[in-house]
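Topology and contacts: notes
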Amino acid sequence: MEVVSDILQPYKELVGTVAGIVTTGQMFSGSFICYDIYKQGNTKGTSIMVFIGGFIMSILNIKFGFILRDDMMIKVNFVGLMLNIVYLMVFFHYTAEKGQAWFNFGIGGAVSAGLIAYSEMEDPTLIENRFGTIITIFMFYLISSPLLGLKNIIKNKSTAGMPFPIIFSGTIVTFMWLLYGIILKNKFLVLQNTVALVLCSIQLSLFVIYPSKKSKEKKAKKTN
């Protein structure tokens, strides 16, 4: 890592800027999913947890930004929070299972409130590392959660239920932050984004192996 870090050192500002831009861009990836929901007129095949996860992650990162006194982190994640609220509003409008959607959102809100309350009570000398670890674990869960349906994906030979825009943009984001972590020689950042990149790459490979049903339908129409 030392050698690669020294090679990339002159590009530190550039990599950092690009990482910030693609992170902000990733937050808009949910709009593609919302557009699909709008076109089909319902939320079939889309899980609300995609947006609830983004909602919770934005809140936690805003709090972490205050802990680190990082204005950029606060501003970027505030944008993410507002976007995820819009995405959730779209989902609530089109879903037929509003009761279940509200229940899931309530759980997400409770988790967020609990972690924020914990951050207020934790020892100030320990909160940075501990809260950062909590965010990392939660991020790993969000990234790997689509793999929980791996059995059904293999069984149906389709990735129709997986959020491709979010996974694809997430791969780019984690790669850029991995480079930035190497430049900074930050082992925590490198480990975090290496694991995230591996998880994203596994999910992207599934789209190559098992195309979505929509892709299959398009091929079938062309054949006919």
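Scroll up to find the structure this text is about.
Here is a short report on the structure shown in this document. In this text the structure is predicted, and so the values were computed from the model without any measurement.

Here's the deal with the overall build of the protein chain
Looking only at helices and strands, one finds eleven helices and zero strands in the protein chain. What you see in the protein chain, going N to C, is helices and strands ordered as α-α-α-α-α-α-α-α-α-α-α. Since a compact globule built from 224 residues should have a radius of gyration of about 17 Å, the 19 Å found for the protein chain is in line with a globular shape. In terms of principal-axis extent, the alpha carbons of the protein chain reach across some 60 × 40 × 30 Å.

Describing a nonpolar patch on the surface
Where nonpolar side chains cluster on the molecular surface, the patch consists of Phe 78, Met 82, Ile 85 and Met 89 and spans about 380 Å² of accessible area. Mapped onto the fold, Met 89 is located in helix 5 (residues 71-94).

Description of the side chain of Thr 43
Its place among the elements puts Thr 43 in the loop between helix 3 (30-40) and helix 4 (49-68). The residues touching Thr 43, leaving out its near neighbours within four places in the chain, are Ile 37, Phe 91, Tyr 94 and Thr 95.

Points about the packing of aromatic side chains
Taken as a whole and assessed by the stated rule, the structure comprises twelve aromatic pairs. Ring centres 6.4 Å apart and planes at 35° place the aromatic pair Phe 138 and Tyr 141 in the tilted group. Pair noted here: Phe 138 and Tyr 141 are both in helix 7 (residues 127-144), with a separation of three residues, about one helical turn. Here Tyr 141 falls in the partly exposed class, since its relative accessible area comes to 45%. Both rings, one in Phe 164 and one in Phe 168, keep their centres 5.7 Å apart while their planes meet at 15°; by these two values the pair is stacked.

Thoughts on the pattern of salt bridges
The full count for this structure, using the stated rule, is three salt bridges. With its nearest N and O atoms 3.9 Å apart, the salt bridge here joins Lys 39 to Asp 36. Residue Lys 39 and its partner Asp 36 are located together in helix 3, separated by three residues, close to a single helical turn. Lys 63 is paired through a salt bridge with Glu 120; the nearest N and O atoms lie 2.4 Å apart. Here Lys 63 is found in helix 4, whereas its partner Glu 120 is found in helix 6 (residues 98-121), with 57 residues between them in sequence. Residue classification places Lys 63 among the buried positions, given a relative accessible area of 16%.

Quick look at the state of the cysteines
Tallied over the full model, the rule gives zero disulfides. Just so you know, Cys 34 is unpaired, no disulfide at all, and the nearest cysteine sulfur is the one on Cys 200, 20 Å from it. On the basis of relative accessibility, which here comes to 9%, the residue Cys 34 falls in the buried class.

Overview of the packing of helix 2 (residues 12-26) against helix 9 (residues 164-184)
Helix 9 packs onto helix 2 with a crossing angle of 155° between their chain directions and a minimal axis gap of 9 Å. One way to sum up the angle between helix 2 and helix 9 is to call them roughly antiparallel. Between helix 2 and helix 9 lies a crossing whose hand is left-handed. Together, Lys 12, Val 15, Gly 16, Val 18, Ala 19, Gly 20, Val 22, Thr 23 and Gln 26 of helix 2 and Ile 166, Ser 169, Gly 170, Ile 172, Val 173, Met 176, Trp 177, Leu 179, Tyr 180, Ile 183 and Leu 184 of helix 9 make up the contact between the two elements. Tallied by class, the residues present in the contact of helix 2 with helix 9 amount to 13 nonpolar, six polar and one charged.

Details of helix 9
Here helix 9 spans 30 Å end to end across 21 residues, near enough to the 30 Å set by a 1.5 Å rise per residue. Lys 185 lies just past helix 9 and shows a positive phi near 60°.

Criteria and cut-off values
Residues numbered from 1 in each chain as written. Predicted model: local features only at pLDDT ≥ 70, side-chain atom pairs only at ≥ 80, totals over all residues. Heavy atoms only, no water. Helix = DSSP H or I, 4+ residues; strand = E, 2+ residues; numbered from the N terminus. Rg over C-alpha atoms; globule rule 2.2 N^0.38 Å. Patch = residues over 30% accessible without salt bridge, like charges linked within 9 Å, V, L, I, M, F, W, Y side chains within 5 Å. Areas by Shrake-Rupley, 256 points an atom, 1.4 Å probe, with all protein chains shown as cover. Salt bridge = Lys/Arg side-chain N within 4 Å of Asp/Glu carboxyl O. Contact = heavy atoms within 4.5 Å. Phe/Tyr/Trp six-rings, centres within 6.5 Å; stacked < 30°, edge-to-face > 60°. Buried < 20%, exposed > 50% of the residue type's maximum accessible area, 1.4 Å probe, protein only. Disulfide = S-S within 2.5 Å. Axes fitted to C-alpha atoms, helices over the stretch in contact; angles between N-to-C directions. Parallel < 35°, antiparallel > 145°, perpendicular 65-115°, else oblique. Left-handed = near helix turned anticlockwise from the far one by under 90°. Nonpolar A, V, L, I, M, F, W, Y, C, P; charged D, E, K, R; others polar. Expected span 1.5 Å × (residues − 1).

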